[in-house]
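# Tertiary structure, described
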Amino acid sequence: MIASLAALALTVVAATTHTDTTVSVRPGTRLELNAFAGSISVVTWSRNAVRLGADHSSHTRLALDEKGPVLNVRVEHWRGIPTSVEYQLTVPKWMSLDLSGVNTDISVENSEGEIAAETVQGEVLITGGAKIVKANSVEGEVRVARASGKIEANSVNAGVRLSECSGQILASSINGEVRMTDIASDDVEASTINGVVSYEGQIKDGGSYRFSTHSGDVSVAVPERANASVAVATYNGEFSSSFPVTLNQTRKGKRFDFTLGSGSARIELESFEGEIRLRHPGDPDTRRGNEFKYEYKYQYPMDKAKREVNKTKQKPKTKQDDGDPDEDQEP
Amino acid sequence: MTDTRGPACGLESGRLSAYLDGELTNGERRAVEAHLAGCEGCTALLADLRRVVDQARSLADAAPPEDLWPGIERQLKPRARRTPAPAQALAGPSAWWRRRLDLAVPQLAAAAVVLVLLSAGAMWLLLHGSGTRGPAVTGVTPVAPPPVAAARPESTQAPLAAAAPPASPALVTAGNAGYDAAVAELEDALASGRGRLDPRTLRVVEQNLRVIDRALDEARRAVAADPGNTWLRSHLAATMKRKVDLLRSATLLASTQG
């Protein structure tokens, strides 16, 4: 706290200066930058060089140190008291980035390298990134777009948004929503405790998709020709679909399974007390006022689900009927 | 140790261990689960592996031994090169906790006992100094590590969690004792280090702990009402893990923000 106040005071009283320096880098070099306050803004270019621009206190000195495969942005604060620095970096597209901060907003644009961006009190915005992309914030929103590879995006107290991403996706929040659009992945897991989980993207054959929340809605846009085995589970919530589904099995509690197409992919939808909705791509994923945008006639409230299972019980077991020994069918 | 049992078992060596550690992708995990459904040998081996975790319960009363440090150090090393701590400490759960584990509550509790040991050892070393091996922390009076296995009712927990609505004691089953001990331990550790956290960040942590506690309370009540519902148990276990993970990460962040 004292350090924060001191840093703020220093920022106010100290004259601001600008650093602008460029160094050449070898292919494969990774950039590391650990900031305290301010912002980190990274853009890319085709040169094998890093340009460091920064607005900072005149008491603060910046330098680029290369040690082996790592290029480190070194900061020397006056008397060791950290101050706010606004970093503007231009790096090669291929460069891997390891960026972190405390009271720091982080943005990366059009990177093709591995990215790790982590902050406590700030937002993380990433465009691009490949192989491994990690974006984390405690208090701020996390947004990742056009990334590929293994993607992890997490926030504690704000939302997580992914768009046009591919690869293995893991997204989570505690007190925020998780929204994904235009996703091309066969392995997606998204969860939150208090918020909406929304997915719009491909459902690939053989893929695995799991969306869960405790106190929010789960909304998934299902492409028309999707092949998926869908498992729905809720306790105090509801399930509705904008297209008809035929239940394979209803287990004790509000849990039911059904198959779309060949059932190749696996989709798990879980909300303890929220609504679980399947919708057509492009349909809105949130309720507007008291109205759903999709038709009620395919909604499956529990009484209807029970009627369905009574019919289903007359049929032979289906492929999805795993017959949990510890769980009874609905009477 | 091999995990290939049974003449027709094609499961790769180490797969079960990775499964138990939550290191598999969603697809891999489901493949293992599908295999387990039809392979008695692997099912038995998995039970053996879990029993090893259970046996950790007997260690719960021990003070954190010094040789815990290498493992703790390995966990800390990646972020030791950069301070203050990145937000991954709070926002990015570790691989173990990230991945869904369909463990029953008692199994989670058993795993939590191991976490008690690790967290106690780590936090004692982090917050109270550790000679020349651990991260240097100044301004802290060395004290003995807190008791490891002292499970407490939630109503007597550290101030950080005191604001959270306590779960009904009736809903805390005996199988949760290890988990409660782990949570209590981490809350103690976080209470010790809360002065190092920015007040704003601390408020966010506390707010989110309350969010999780509300969810936990609701999930526990649901499990009590419908104990045979495996999904509810899984949901409860996942929520419990989220709390442990947030606490663990917050203590780590506190240790590096000081």
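Residues numbered from 1 in each chain as written. Chains lettered and ligands numbered in written order. Predicted model: local features only at pLDDT ≥ 70, side-chain atom pairs only at ≥ 80, totals over all residues. Heavy atoms only, no water.

An unreviewed UniProt entry annotates chain A as DUF4097 domain-containing protein originating from Eiseniibacteriota bacterium.

## Thoughts on the overall build of chain B
Along the backbone of chain B there are 11 helices and zero strands. Taken from N to C terminus, the helices and strands of chain B fall in the order α-α-α-α-α-α-α-α-α-α-α. Across the 258 residues that make up chain B, the buried fraction comes to 53%. Surface summary for chain B: the accessible area is close to 10,900 Å², and the carbon and sulfur share equals 57%. (Helix = DSSP H or I, 4+ residues; strand = E, 2+ residues; numbered from the N terminus. Buried < 20%, exposed > 50% of the residue type's maximum accessible area, 1.4 Å probe, protein only. Areas by Shrake-Rupley, 256 points an atom, 1.4 Å probe, with all protein chains shown as cover.)

## What about the overall build of chain A?
Broken down by element type, chain A carries two helices and 26 strands. In chain A, which comprises 331 residues, the proportion classed as buried is 57%. Of all intrachain contacts in chain A linking residues separated by at least 6 positions in sequence, the fraction that spans at least 24 positions is 47%. For chain A, the exposed area adds up to about 13,600 Å²; of that, 47% sits on carbon and sulfur atoms. (Contact = heavy atoms within 4.5 Å.)

## Some words on helix α9 (residues 177-193) of chain B
Over its 17 residues, α9(B) extends 24 Å from the first C-alpha to the last, a length consistent with the 24 Å expected when each residue adds 1.5 Å. The element α9(B) is extensively covered by neighbouring structure, given that 13 of its 17 residues are classed as buried. (Expected span 1.5 Å × (residues − 1).)

## A short note on the confidence of the model for chain A
Residues and elements named next belong to chain A. When the pLDDT values of chain A are averaged, the result is 84; 80% of them are 70 or greater. Taken together, the stretch residues 288-306 has pLDDT below 50 and engages in 38 contacts with residues farther than four places along the chain or on a different chain. Here residues 312-331 is modelled with pLDDT under 50, and outside its nearest four sequence neighbours on either side it reaches 42 contacts, counting other chains as well. (pLDDT = per-residue confidence, 0-100.)

## Structural notes on the confidence of the model for chain B
Residue and element names in this part refer to chain B. Per-residue pLDDT for chain B has a mean of 61; in total, 45% of the residues score no lower than 70. For chain B, per-element mean pLDDT is lowest for helix α8 (residues 159-162), which scores 30, and highest for helix α10 (residues 199-225), which scores 94. Counted against residues more than four places away or in other chains, residues 1-7, with its pLDDT under 50, gives 22 contacts. The low-confidence segment residues 116-174 (pLDDT under 50) makes 108 contacts with residues lying over four places distant or belonging to another chain.

## A closer look at the pairing of strand β20 (residues 218-221) of chain A
All names here are of chain A. Neither face of β20 is exposed, since V218 and V220 on one face and S219 and A221 on the opposite face are all buried. The sheet contact formed by strand β18 (residues 197-201) and β20 spans four bridges and is parallel. Bridge pairing links Y199 to V220 in β20. Here four bridges tie β20 to strand β26 (residues 275-279), and the two strands are oriented parallel to one another. Among the inter-strand pairings, V220 is bridged to a residue of β26, identified as L278. (Pairing = 2+ DSSP bridges.)

## A closer look at the pattern of salt bridges
A side chain of one charge can pair with a side chain of the opposite charge when the charged atoms of the two come close. Throughout the structure, instances matching the rule amount to 24 salt bridges over all chains. Put simply, B:R221 and B:D217 hold a salt bridge, and the shortest N to O gap is 3.2 Å. Of this pair, B:R221 and B:D217 both sit in helix α10, four residues apart, roughly one helical turn. When salt bridges with common partners are traced through the structure, they connect A:E141, A:R143, A:R161, A:E177 and A:R179 into a single cluster. (Salt bridge = Lys/Arg side-chain N within 4 Å of Asp/Glu carboxyl O.)

## Some points on α10(B)
Between its terminal C-alpha atoms α10(B) stretches 39 Å, which fits the 39 Å expected from 27 residues at 1.5 Å a residue. A side-chain oxygen of the first residue of α10(B) lies 2.8 Å from the backbone nitrogen of B:R200; this N-cap is B:D198. (Polar contact = N/O pair within 3.5 Å; in protein donor to acceptor, adjacent residues only side chain to side chain.)

## A short note on the environment of A:N48
Residues and elements named next belong to chain A. Looking at where N48 falls in the secondary structure, it is placed in the loop between β3 (37-45) and β4 (49-57). Take N48: its relative accessible area is 36%, and that puts it in the partly exposed class. When the C-alpha atoms of N48 and R26 are compared, they prove to be 6.7 Å apart, with 22 residues separating the residues in sequence. Not counting residues up to four positions away in its chain, the partners in contact with N48 are S24, V25, P27, P92 and W94. A polar contact is formed between the side chain of N48 and the side chain of W94, at a distance of 2.8 Å.

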